[in-house]
Amino acid sequence: MRLGSGTFAACCVVIEVLGVALFLRGFFPTPVRSSSRTEHQAEPPAPEPSAGASSNWTKLPPPLFRKVVIMLIDGLRDDFVFGSKGVKFMPYTTYLVEKGASHSFVAEAKLPTVTMPRIKALMTGSLPGFIDVVRNLNSPALLEDNVITQAKAAGKRIIFYGDETWVKLFPRHFVEYDGTTSFFVSDYTEVDDNVTRHLDKVLKRGDWDVLILHYLGLDHIGHVSGPSSPLIGHKLREMDSILMKIHTSLLSEERETLVPNLLVLCGDHGMSETGGHGASSVEELNTALILISSAFERKPGDIRRPKHVQQTDLAATLAIGLGLPIPGSSVGSLLFPTVEGRPVREQLRFLHLNAVQLSKLLQENVPSYTKEPGFEQFKMSERLHGNWIRLYLEENNSEVLFNLGAKVRRQYLDALRTLSLSLSRQVAQYDIYSMLVGTVMVLEVLALLLLSIPQALSSEAELEVPLWSPVFSLLFYLMFLVLSALHVIVCTSAESSCYFCGLSWLTAGGVMALISALLCAVGSALAKMFADGKFLSKNPAHPKARWSELDVLILLGTMGHVLSLGASSFIEEEHQTWYFLINTLCLALCHEIYRNCFLRDDCEPQQCSHVEEGFVSPAPALQDRSIRCNMLEPHRVSKGPTSLDTLRGYEKWMVLASPWVILTCCRLLRSLNQTGVQWAHRPDLGHWLTSSDHKAELSVLAALSLIVIFALVQRRCSLTSKVAMALGLLGVYCYRAAIGNVLFPWQRDSKDISKGVIEARFVHVFVLGILFTGTKDLLKSQVIAADFTIKTVGLWEIYSGLVLLAALLFRPHNLPVLVFSLFIQTIMTKFIWKPLRHDAAEITIMHYWFGQAFFYFQGNSNSIATVDVSAGFVGLDTYMEVPAMFLTAFATFAGPVLWASHLVSFLSSETSGSALGHACFCYALICSFPVSAYIILVTSLRYHLFIWSVFSPKLLYEGMHILITAAICAFFTAMDQTNTKS
Amino acid sequence: MPLSASPAAHTRPGIFIPSFFLENFSILETHLTWLCICSVFVTAVNLLLYLVVKPNASSKRSSLSYKVTRFLKCCIYFLMSCFFFHVIFVLYGAPLIELVLETFLFAVILSTFTTVPCLCLLGPNIKAWLRVFSRNGVTSIWENSLQITTISSFIGTWLGAFPIPLDWERPWQMAIERKYKMCTSLYVCTRHGASHCPQVWPISCTLGATFGYVAGLVISPLWIYWNRKQLTYKNH
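Every value quoted in this text rests on a predicted model; they were computed, and no experiment measured them.

Focus: the overall build of chain B
Piece 1. Across its full length, chain B holds seven helices and zero strands.
Piece 2. Secondary structure elements in chain B, listed N-terminal to C-terminal, are α-α-α-α-α-α-α.
Piece 3. Going through the 236 residues of chain B one by one, you find that 48% of them count as buried.
Piece 4. Of the contacts made within chain B by residues no fewer than 6 positions apart, 74% connect residues no fewer than 24 positions apart.

Spelled out as structure tokens, the structure:
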């Protein structure tokens, strides 16, 4: 089957999107969550079950403890307390663990073992996934149901000292707080002293219910010198004395009030043998958890070994202890020893509450929940519980009651364990099988693209795709059978949940067939390449291809960028890479231009009487180029003189100056938005402009930018779209004035700020109108084959429609980005690409590079936080998911999209033949290369400390980018099709 | 032209400057002093070797005034190239207002590695420079080695910019801590106004340039030696 290279590339990218989507689905498992978030408080607590006689206990049980102190020590792994270090350095704690009124546990943390997700897990009882962060983009506050929010709603007064992450997660929750920033990890005394200095005062006061202390010092020591450093001992001793201070003060208070208090000592995550954390080694996962209260009395000789529990169990326990409803999305089960001392009726009540909450969560997250063993156990224990209540209310024999009670309790504990296990199995594990299948698909596509470079970039821009050849079909069926067998084996033996196994057999079979078909295609392409290679080696006359400096730069730049994705710092500062690359590209272009302009004056002085007159023979450098281009693209007119010679005087000067103009533009844009991480806090023009003092300047700038945009766009539009463009840009300004970003000259102060829905819709209408006109022209050009100009105009109109939409969505201080983008495109078209006659591949890659650079010029970065969500609300009254997502995606990726659409319109107006197909192929290749490499990198770095903070957001950006690339390639192919027809 | 003595002998590496003349001297901490010393030294060695070796000694003896104007022209060219490089660094993203001295000294040292040998060898003649730095434009081994050292200096500088985004020259914990804080603060960086790293701006680039230059000095004789069969120069 013969395919055009554009079509082929588009198909490849679409398959790649599927692969990346499967990979992402495996990489980011969806978290278990309850649907009711804030409304939870309104819900009445589940009443006590009863069979026959009604129980009147429908309210929540009263709190078990008067005051709760949570002492969280960052990086407190279990053996620091229960091991030899604990015995040596924490004598008081060891005493409490072994003989005191306490319950000790080894709490197992889930991935990622870094502080913020762990705090969430401790307080919500849920397992936060990365997707959570994406879902509530613009608020760092914790929106899920959690113990702190519940406690605040119940009127408890909470005091917090320690890591300021808490303050960000729970804004306005604490009546008093002091967040310590720990910028210097080498500081491990100051951070803790800042917490401890408040203790004496606070412990004397009685005006609080919950006190939370988060000590960072231990973790800092771990980062600096590892878990075996002598500093650890000092720190543990310090922590021990603090614990003693708190405990004695709580005890002395209890003597007065006679109500027990609770002291919780816990760690958020452990510490690996090298001192870091983030991964899944046993040392990092196991943390100490000790609950200390006079309510947990024990007789001498009662040895309690630390039991293994889940970290998420603490949330449910705290909620019960404080008399609060259990957080809705908590997957933890109550730590039963804490309520052991209570009467049996109360114990069963607590267990029932917990089981009801878990089963509700199960119902919301698992479609076939009735078949789950945990749910059945829960139903059975609920029935038994009802019987027990009836007996209890009938004042039955106490021994029977006790025995039955013990049975119910055992039933409940089993049910809780099973429920909790099946819920937490849903998340917090990489779904390696899905990831693997996705990776294989992506890699096969990449291999296919790479192998078909020579064919796809040939003059016909067509390639043979051997899908139906019989030899390979045998291989295909074999592969298909093997893969299907593998699939069955993997899915039947898998313990954790797997998305790909959850798919229907038909879909999975389709994916397997696709994979084997791709493999066959790669194989045949390889075989063909070897055959061709033999042919070539027999043919010594074949000209040796020489690469120009520009091609070397492009190749090295692409490779360098891909390699740089392996380092977290380079991902954070990826904009620097792109700025650096386009600057170098400009200098290389400058070199090429100057060589073309001046060198012939020098080498061939006999011909060079005047610059303007021009000469016939091409420069030696150009001959090299043309040889190389013959290799890649023989159709190109390479023998003729470059049109550099035919330029008029001023144009020649413009050609010479254009790289410098572009460089200056890029430098200006660079100082418009500081992005990334290291230098993000530096003052930039954007901040200066958006501050309220400089509204007038911003207004002038926005107006000027809109005028320049019009001037640059209108020159190739038809009359109607010119008018529409002008009105649309006017509408953009009105919209910005309406929402109070800019001022009208007659407006003194911005009093009336509206949402600007009417103005924005006005612009939307013109955007749609221009796009419609463009499409109409394109369709017309397909019917009237001869008319070439209509098509050019149509493409340009579609492009200008996108520009108008971008102008509407960009923040006003970002309008210069749009202006400079148009300006650079104009200059490059006029003075660089046309005179120097680059081939389609080079032009495509230059467009791609500039598109990437403009992505960052807009102020984007590789962290999710810089996505401008407000763009999704432009022109919408309420939040509507699909348009909002489309608008946000367009506003974020406006740079690459605009450059790509400029590429289409430029290539179809300037060149003919196979250029569009080549461009589409190159675009697909250069976009899929980083994605494929990145997927492999991320898979190998999945236990890296920064996987959630640095690598995962970038992965999401890459996924979105490949999706947009697929759309662009489809557009390319559509244009290419119309081209070949006409 | 027959192959004669080692072509790159006219420039001794300027690395081995004894540091015992200065109190508290260290390349990284008193970097600007180091830059000045290095550039003066390299220039001096270049000039000295130019006067001693006279790679393109012209047959006609020129007048004193011609020599003086030529020297002045060279000085002006050197200054211009310094400013030119400065502008390019700013275009590449060097701060415009802060750290002007650092950027300028960086420009000076790069000019020393590239422009000064050009001026010595080719004189203030832009066209000759362009010819040397384009493909097949070299006419002598001197120019060949000039080409190699200059290009390797540029490449060294270019590569030297790579470590800048890395958390370079700082205690590694700080990098860990920064991102660790980011993990904990919901992937948002809000460290506005945080005291920043010790200023390291041109160091990696100047070191890159120096290493590139030295590498060029090493490579060029070797390259010429290996390719001595293929080297045929057109005489002007």
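Quick look at the UniProt feature "transmembrane region" (unreviewed entry) in chain B
Residue and element names in this part refer to chain B.
Piece 1. The feature "transmembrane region" (unreviewed entry), as annotated in UniProt, sits at residues 32–53, 74–97, 103–124, 145–164 and 200–226 in this numbering.
Piece 2. Within the segment residues 32–53, helix and strand shares are 100% and 0% respectively, and the terminal C-alpha atoms sit 31 Å apart.
Piece 3. Across residues 74–97, helical content stands at 75% and strand content at 0%; the span's end C-alpha atoms are separated by 28 Å.

Thoughts on the pairing of strand E6 (residues 210–215) of chain A
Residues and elements named next belong to chain A.
Piece 1. In terms of burial, E6 is a largely internal element, six of the six residues being buried.
Piece 2. Burial along E6 is two-sided: Val210, Ile212 and His214 facing one way and Leu211, Leu213 and Tyr215 facing the other are all buried.
Piece 3. Where strand E2 (residues 68–73) lies against E6, six bridges are found, and the strand directions are parallel. Counted as the bridge partner of Ile70 is Ile212 from E6.
Piece 4. Here five bridges tie strand E4 (residues 158–163) to E6, and the two strands are oriented parallel to one another. Residue pairing across strands places Gly162 opposite His214, the latter belonging to E6.

Focus on the confidence of the model for chain B
Residue and element names in this part refer to chain B.
Piece 1. A residue-level look at chain B finds 67% of positions with pLDDT of 70 or above and a mean pLDDT of 72.
Piece 2. Between the elements of chain B, mean pLDDT differs from a low of 39, seen in helix H6 (residues 172–184), to a high of 90, seen in helix H2 (residues 64–91).
Piece 3. Overall, residues 1–20 carries pLDDT values under 50, and its contacts beyond four positions in sequence, including any with other chains, amount to 42 contacts.
Piece 4. With pLDDT under 50 throughout, residues 168–198 is counted as low confidence; its partners more than four residues away or in other chains account for 87 contacts.
Piece 5. If you check the scores for this complex, the pTM reads 0.75 and the ipTM reads 0.79.

A look at the pattern of salt bridges
All names here are of chain A.
Piece 1. A complete count under the given rule lists 16 salt bridges over all chains for this structure.
Piece 2. Two residues, Arg205 and Glu176, come together in a salt bridge whose shortest N-O distance is 3.0 Å. With a gap of 29 residues between them, Arg205 in the loop between helix H10 (199–204) and E6 and Glu176 in strand E5 (residues 176–180) connect regions that are remote in the sequence.
Piece 3. Looking at Arg205, the relative accessible area reads 26%, which means it is partly exposed.

Let's talk about unusual backbone geometry
Residues and elements named next belong to chain A.
Piece 1. The phi dihedral of Arg172 falls on the positive side, at around 60°, and the residue is not glycine.
Piece 2. Checked against the element boundaries, Arg172 lands in the loop between helix H8 (165–169) and E5.
Piece 3. On the basis of relative accessibility, which here comes to 71%, the residue Arg172 falls in the exposed class.
Piece 4. Phi angles above zero are rare outside glycine, and Arg837 is one such case at about 55°.
Piece 5. Along the chain, Arg837 falls in the loop between helix H33 (815–836) and helix H34 (840–857).
Piece 6. With a relative accessible area of 31%, Arg837 lands in the partly exposed category.

Regarding the domain arrangement of chain A
Residues and elements named next belong to chain A.
Piece 1. Taken domain by domain, chain A comprises domain 1 (68–329) and domain 2 (342–430).
Piece 2. The centre of domain 1, based on its C-alpha atoms, is set 28 Å off from the matching centre of domain 2.
Piece 3. Each partner contributes residues to the interface: domain 1 has nine residues there, and domain 2 has nine residues.
Piece 4. Here domain 1 packs against domain 2, burying approximately 760 Å² in sum over the two surfaces, 72% of which is carbon and sulfur.
Piece 5. Our count for the contact surface shared by domain 1 and domain 2 stands at zero salt bridges.
Piece 6. By residue class, the composition of the side of domain 1 that touches domain 2 is six nonpolar, two polar and one charged.

Observations regarding H2 of chain B
Piece 1. The terminal C-alpha atoms of H2 of chain B lie 40 Å apart, and with 28 residues this matches the ideal 40 Å at 1.5 Å per residue to within 8%.
Piece 2. Three or more residues of H2 of chain B are buried, namely Cys74, Tyr77, Ser81, Cys82, Phe85, His86, Ile88, Phe89, Val90 and Leu91 of chain B.

Structural notes on the environment of Phe160 of chain A
All names here are of chain A.
Piece 1. Take Phe160: it is sitting in strand E4.
Piece 2. Judged by relative accessible area, Phe160 falls into the buried class, the value being 0%.
Piece 3. Along the backbone, Phe160 and Asp178 are 18 residues apart, and their C-alpha atoms lie at a distance of 6.6 Å.
Piece 4. With residues up to four places along the chain from it excluded, the contact list for Phe160 reads Trp166, Val167, Phe174, Glu176, Tyr177, Asp178, Ile212 and His214.

Remarks on the packing of helix H27 (residues 649–670) of chain A against H33 of chain A
Residue and element names in this part refer to chain A.
Piece 1. For the pair H27 and H33, the least separation of the axes is 10 Å and the interaxial angle reads 150°. Relative to H33, H27 is oriented roughly antiparallel. Along this stretch, H27 crosses H33, giving a crossing that reads as left-handed. Of the residues in H33, those touching H27 at Glu651, Met654, Val655, Ser658, Val661, Ile662, Cys665, Cys666, Leu668 and Leu669 are Pro816, Val817, Phe820, Phe823, Ile824, Ile827, Met828, Phe831, Ile832 and Pro835.
Piece 2. In the contact of H27 with H33, the residues fall into 18 nonpolar, one polar and one charged.

Some thoughts on a nonpolar patch on the surface
Residues and elements named next belong to chain B.
Piece 1. On the surface, a cluster of nonpolar side chains totalling about 660 Å² of accessible area is made up of Val218, Ile219, Leu222, Trp223, Tyr225 and Trp226.
Piece 2. Mapped onto the elements of the fold, Val218 is located in helix H7 (residues 203–226).
Piece 3. A relative accessible area of 48% means that Val218 is categorised as partly exposed.

So, how was this worked out
- Residues numbered from 1 in each chain as written.
- Chains lettered and ligands numbered in written order.
- Predicted model: local features only at pLDDT ≥ 70, side-chain atom pairs only at ≥ 80, totals over all residues.
- Heavy atoms only, no water.
- Helix = DSSP H or I, 4+ residues; strand = E, 2+ residues; numbered from the N terminus.
- Buried < 20%, exposed > 50% of the residue type's maximum accessible area, 1.4 Å probe, protein only.
- Contact = heavy atoms within 4.5 Å.
- UniProt positions renumbered as here; feature names shortened; annotations may be inferred.
- Pairing = 2+ DSSP bridges.
- pLDDT = per-residue confidence, 0-100.
- Salt bridge = Lys/Arg side-chain N within 4 Å of Asp/Glu carboxyl O.
- Domains from an automatic or database assignment.
- Buried area = accessible area lost by both parts, 1.4 Å probe.
- Nonpolar A, V, L, I, M, F, W, Y, C, P; charged D, E, K, R; others polar.
- Expected span 1.5 Å × (residues − 1).
- Axes fitted to C-alpha atoms, helices over the stretch in contact; angles between N-to-C directions.
- Parallel < 35°, antiparallel > 145°, perpendicular 65-115°, else oblique.
- Left-handed = near helix turned anticlockwise from the far one by under 90°.
- Patch = residues over 30% accessible without salt bridge, like charges linked within 9 Å, V, L, I, M, F, W, Y side chains within 5 Å.
- Areas by Shrake-Rupley, 256 points an atom, 1.4 Å probe, with all protein chains shown as cover.

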